[in-house]
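Report on the structure
Each chain, letter by letter, is given below.
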Amino acid sequence: MPVHASDVLWLLLALGMGVFLEWNDAQSLHILSSVSDAYALSLPANVSFEGTVSNIRFSRLSVVFEMENKGIITCYFRHPPETFFLFSGERILVRGKIEQTPQGR
């Protein structure tokens, strides 16, 4: 089956859009050094945050845990992989989105 020039152009366009979207996502990432830094952001905000894990609650469909770093932030992980392990007191780096919820940020 011959490859047409228009097929190659569509492929290049799709690849270029994927690269642009990944670059744009990386540009909008806020790296937080503490929980208090999160309150200054307009929501929703993509963040990277490091802290110590505490208060873990597992269910079949999600994991909810708190991270401490000069304050406490609650993290909600939808659809964790089956081999996901998390231990209280462990220091981890989380990349996610802070959104407004009925309970607050």
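Before going into details, it helps to say that this report is about the structure given with it. (Residues numbered from 1 in each chain as written. Predicted model: local features only at pLDDT ≥ 70, side-chain atom pairs only at ≥ 80, totals over all residues. Heavy atoms only, no water.)

1. Describing the overall build of the protein
- Of the regular secondary structure elements, the protein holds one helix and five strands.
- Overall, the protein shows an N-to-C arrangement of helices and strands of α-β-β-β-β-β.
- Taken along its principal axes, the extent of the C-alpha atoms in the protein is 60 × 35 × 25 Å.
- Sorting the 105 residues of the protein into buried and exposed places 25% on the buried side. (Helix = DSSP H or I, 4+ residues; strand = E, 2+ residues; numbered from the N terminus. Buried < 20%, exposed > 50% of the residue type's maximum accessible area, 1.4 Å probe, protein only.)

2. As for the pattern of salt bridges
- Counted by the stated rule, this structure contains one salt bridge.
- Note that Glu50 is salt-bridged to Arg91, the shortest N-O span being 3.4 Å. Pair noted here: Glu50 is in strand β2 (residues 45-58) and Arg91 is in strand β5 (residues 91-98), with a separation of 41 residues, a long-range link.
- Look at Glu50 and you get partly exposed, because its relative accessible area is 38%.
- For Arg91, a relative accessible area of 48% gives the class partly exposed. (Salt bridge = Lys/Arg side-chain N within 4 Å of Asp/Glu carboxyl O.)

3. A few points about the nonpolar core
- Counting residues in each nonpolar core, the largest one holds 16 residues, and the members touching the most others are Leu32, Phe65, Met67 and Ile73.
- Every element with two or more residues in this core is listed here: β2, β3 (62-68), β4 (72-78) and β5.
- When residues no more than four places from it in sequence are discounted, the contact partners of Leu32 are Asp37, Ala38, Leu41, Val47, Ser48, Phe49 and Ile98. (Core = buried A, V, L, I, M, F, W, Y, C linked by side-chain atoms within 4.5 Å. Contact = heavy atoms within 4.5 Å.)

4. Comments concerning the side chain of Ser62
- Relative to the helices and strands, Ser62 is located in strand β3.
- On the basis of relative accessible area, Ser62 is assigned to the buried category, the value being 9%.
- Among residues more than four places away in sequence, those in contact with Ser62 are Arg57, Tyr76, Phe77, Arg78, His79 and Pro80.

5. Observations concerning the packing of aromatic side chains
- One pass over the full model with this rule turns up one aromatic pair.
- Ring centres of Phe77 and Phe84 lie 5.1 Å apart, and the angle between their planes is 80°; on these two criteria the pair is classed as edge-to-face. (Phe/Tyr/Trp six-rings, centres within 6.5 Å; stacked < 30°, edge-to-face > 60°.)

6. Here's the deal with a nonpolar patch on the surface
- Nonpolar side chains collect at one region of the surface, where Val3, Val8, Leu9, Leu12, Leu15 and Val19 lie side by side and expose about 600 Å² of accessible area between them.
- Here Leu12 shows up in helix α1 (residues 5-27).
- Relative accessible area serves as the criterion here: at 51%, Leu12 is assigned to the exposed category. (Patch = residues over 30% accessible without salt bridge, like charges linked within 9 Å, V, L, I, M, F, W, Y side chains within 5 Å. Areas by Shrake-Rupley, 256 points an atom, 1.4 Å probe, with all protein chains shown as cover.)

Everything listed here is a matter of coordinates, which is why it stays silent on function.
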